[in-house]
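This is what each chain is made of:
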Amino acid sequence: MTGSPILERLRSLPDPYPIVPVDGPLDATVRVPGSKSVTNRALVCAALASGTSTLEGALFADDTAAMLGVLHALGLAVVADEGAERITVTGCAGHVPPSSQPVDVRQSGTTARFALPLLALGSGPYRVTAHPQMRARPMATTLDALTILGAGVETLGPPGRLPATISAGGARSAELWVPGHASSQFLSGLLMIGPCLPDGLSVELTSELVSRPYVDLTIAVMRAFGAAVDHDDTSFHVAPGGYVARTYEIEADASAASYPLAAAAICGGRVRVEGLGEGTLQGDTAFADVLAAMGASVRRDATGTEVSIERGSLVGGTFDLADFSDTAQTLAVVAPFASTPVSVTGIGFIRRKETDRVAAVATELERCGIDVEAEAEGWTIRPGRPHGAAVQTYEDHRMAMSFALLGLAVDGIAIADPACVAKTFPGYWQLLDELHAGTGRPGRV
């Protein structure tokens, strides 16, 4: 993303960035970028494969740039064509090269939790660094597992946090015991190196797994690159044998799709997201089912998902978002427009994301005049008419994108640090303009 025209435009936006309300119900068909979750998983599998892989429809954003930066730092041959949304990777056949370059995971949780296991397949020391925000996030599950796999781990700050030095030199197979309640990314990162270990890898969960659909996604991408994975609810076994290079199509990002679909629920009308049809791998497509339970009409076909509803007809309810928590903030901004309270449960673990997302949402909804009760595992949000405010985003892209939706319905909403959307959706503000275009009122000149 460095030097990208989109990134330069984001940096030039006013801060806070005022959102223009729409005039009338929405009527729009939009596209969202390729899935971050799929792109970063496919990059790992392609990097470990024998041969050259091509990823089509890849996401180009800060989080995927972080993963690409890791692969470049390790000396792997990677060619990225942002205009064509294509990445070509020549794999290392499971033998990660030594490198004296720092391995910088930036602000990306997926990159941190996926890249460190990669290093166990290498040789020599690797210096892993990160943005201060990522340094505050937990990494002990991965670091402890690497020691069991035979790598040396030296943390250079607080225990269980980055930065760290990883000394590898012949990873061994093992049976790992991993907690599932903190983040599914730890399990996914470990599973992906399993095919490259001498006797594969076995993992047992020690606590209930959150965000299970993301692990299912990991296994689906691994299998697409030739890996053999067996599992039940608590046990996972990855057979040895490596990965095979291939051409792989990245589907649209289901988390990103939650924003235009939610816009339809808030403003009324119809919004269709192309590229996110039936059979998608991503669990976050369940967000549309929540909107259906709140009164929206949801239609899926082979190529897209569409939400339509009359403005003002949303109803509340209680929804467990443990398996698709990246849409929790989106639902939180839909909730005030329902006729009865909305309770969101099962998401206590998102307090350890880019920010404490439970606390941040409660603070900013209250700033906008909404009655919200923060709880250990989520919120209860009561109906109300938001008023204008400068919404703080806490360096969290999902805070910016979700709270901007309030501004489509009410005057005076402005979003602090609008450039933070570059983490996963650099073109987000143009998407809002596309939603305006369907109403006949321009969103931004």
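Everything below is about the structure shown above.
Residues numbered from 1 in each chain as written. Predicted model: local features only at pLDDT ≥ 70, side-chain atom pairs only at ≥ 80, totals over all residues. Heavy atoms only, no water.

### Concerning the overall build of the protein
Then step 1. The helix and strand inventory of the protein stands at 14 helices and 25 strands.
Then step 2. Computed over its C-alpha atoms, the radius of gyration of the protein comes to 21 Å, within 12% of the 22 Å expected for a compact globule of 445 residues.
Then step 3. Overall size of the protein, expressed as C-alpha extent along the three principal axes, is 60 × 45 × 40 Å.
Then step 4. Here the protein holds 445 residues, and 60% of them are scored as buried.
Then step 5. For the protein, the accessible surface area stands at approximately 15,200 Å², while carbon and sulfur atoms represent 50% of it.
Then step 6. The centroid of the 32 positive side-chain charges in the protein is displaced by 3 Å from the centroid of its 48 negative side-chain charges. (Helix = DSSP H or I, 4+ residues; strand = E, 2+ residues; numbered from the N terminus. Rg over C-alpha atoms; globule rule 2.2 N^0.38 Å. Buried < 20%, exposed > 50% of the residue type's maximum accessible area, 1.4 Å probe, protein only. Areas by Shrake-Rupley, 256 points an atom, 1.4 Å probe, with all protein chains shown as cover. Lys, Arg positive; Asp, Glu negative; His and termini not counted. Charge placed at Lys NZ, Arg CZ, Asp CG, Glu CD.)

### Concerning the sheet that holds strand 13 (residues 229-231)
Then step 1. As summarised here, the arrangement of the four strands in space is 11-12-14-13, forming an open sheet in which the pairing is mixed. Each edge of the sheet is formed by a strand with only one pairing partner; in this case those strands are strand 11 (175-178) and strand 13. Neighbour to neighbour, the strand axes of the sheet diverge by 15° on average, direction disregarded.
Then step 2. As judged from the four bridges shared by strand 11 and strand 12 (residues 201-205), these two strands associate in the parallel manner. Paired with Val-178 across the strands is Leu-205, a residue of strand 12.
Then step 3. Sheet strands touched by helix 7 (residues 184-193): strand 11, strand 12 and strand 14 (235-238). Its angle to strand 12, the strand with the most contacts, is close to 165°. (Pairing = 2+ DSSP bridges. Axes fitted to C-alpha atoms, helices over the stretch in contact; angles between N-to-C directions. Contact = heavy atoms within 4.5 Å.)

### Quick look at the packing of aromatic side chains
Then step 1. On inspection of all chains with the given rule, the structure shows five aromatic pairs.
Then step 2. A ring pair is formed by Phe-225 and Tyr-248, whose centres lie 5.5 Å apart and whose planes are at 40°; its orientation type is tilted. Remark: Tyr-248 occurs in strand 16 (residues 247-249) and Phe-225 occurs in the loop between helix 8 (212-224) and strand 13; sequence separation between them is 23 residues.
Then step 3. With a relative accessible area of 1%, Phe-225 lands in the buried category.
Then step 4. Since its relative accessible area comes to 7%, Tyr-248 is described here as buried.
Then step 5. On the numbers, 5.4 Å between centres and 75° between planes, the contact of Phe-425 with Tyr-428 is edge-to-face. We note that Phe-425, like Tyr-428, is buried.
Then step 6. A connected cluster of aromatic rings, assembled from ring pairs, spans Tyr-17, Tyr-259, Phe-425, Tyr-428 and Trp-429. (Phe/Tyr/Trp six-rings, centres within 6.5 Å; stacked < 30°, edge-to-face > 60°.)

### Examining empty space enclosed by the protein
Then step 1. According to the stated counting rule, one finds six cavities of 30 Å³ or more in the structure shown.
Then step 2. Space inside the largest cavity adds up to approximately 210 Å³.
Then step 3. If you list the elements that add at least two residues to the lining of the largest cavity, you get helix 2 (36-48), helix 4 (109-119), helix 7 and helix 13 (397-404).
Then step 4. Looking at the lining of the largest cavity element by element, the count peaks at three residues for helix 2.
Then step 5. The class makeup of the residues in the lining of the largest cavity is three nonpolar, nine polar and 10 charged.
Then step 6. In this structure, the second largest cavity occupies an estimated 70 Å³ of space.
Then step 7. Surrounding the second largest cavity, Arg-113, Arg-137, Pro-138, Ala-182, Ser-183, Phe-186, Phe-349, Arg-352 and Lys-353 form its lining. (1 Å grid on protein atoms, 1.4 Å probe; cavity = no way out; pocket = protein on both sides within 12 Å on 5 of 7 lines; lining within 4 Å. Points joined across faces, edges and corners; volume = space filled by probe spheres on them. Nonpolar A, V, L, I, M, F, W, Y, C, P; charged D, E, K, R; others polar.)

### Some remarks on helix 9 (residues 254-267)
Then step 1. The first and last C-alpha atoms of helix 9 sit 20 Å apart over 14 residues, in line with the 20 Å expected at 1.5 Å per residue.
Then step 2. Between a side-chain oxygen at the N-terminus of helix 9 and the backbone nitrogen of Ser-255 the separation is 2.9 Å; the capping residue is Asp-253. (Expected span 1.5 Å × (residues − 1). Polar contact = N/O pair within 3.5 Å; in protein donor to acceptor, adjacent residues only side chain to side chain.)

### Some points on the packing of helix 13 against helix 14 (residues 428-437)
Then step 1. At a minimum axis separation of 11 Å, helix 13 and helix 14 run at an interaxial angle of 10°. Judged by the angle between their axes, helix 13 and helix 14 are roughly parallel. Seen from above, helix 13 lies across helix 14 with right-handed handedness. The residues of helix 14 that touch helix 13, namely those facing Ala-400, Met-401 and Ala-404, are Tyr-428, Trp-429 and Leu-432. (Parallel < 35°, antiparallel > 145°, perpendicular 65-115°, else oblique. Left-handed = near helix turned anticlockwise from the far one by under 90°.)

### Regarding the side chain of Thr-330
Then step 1. Mapping Thr-330 onto the fold places it in helix 11 (residues 328-334).
Then step 2. Leave out the neighbours within four places in its chain, and Thr-330 touches Ser-258, Tyr-259, Ala-262, Phe-287, Ser-402 and Leu-405.

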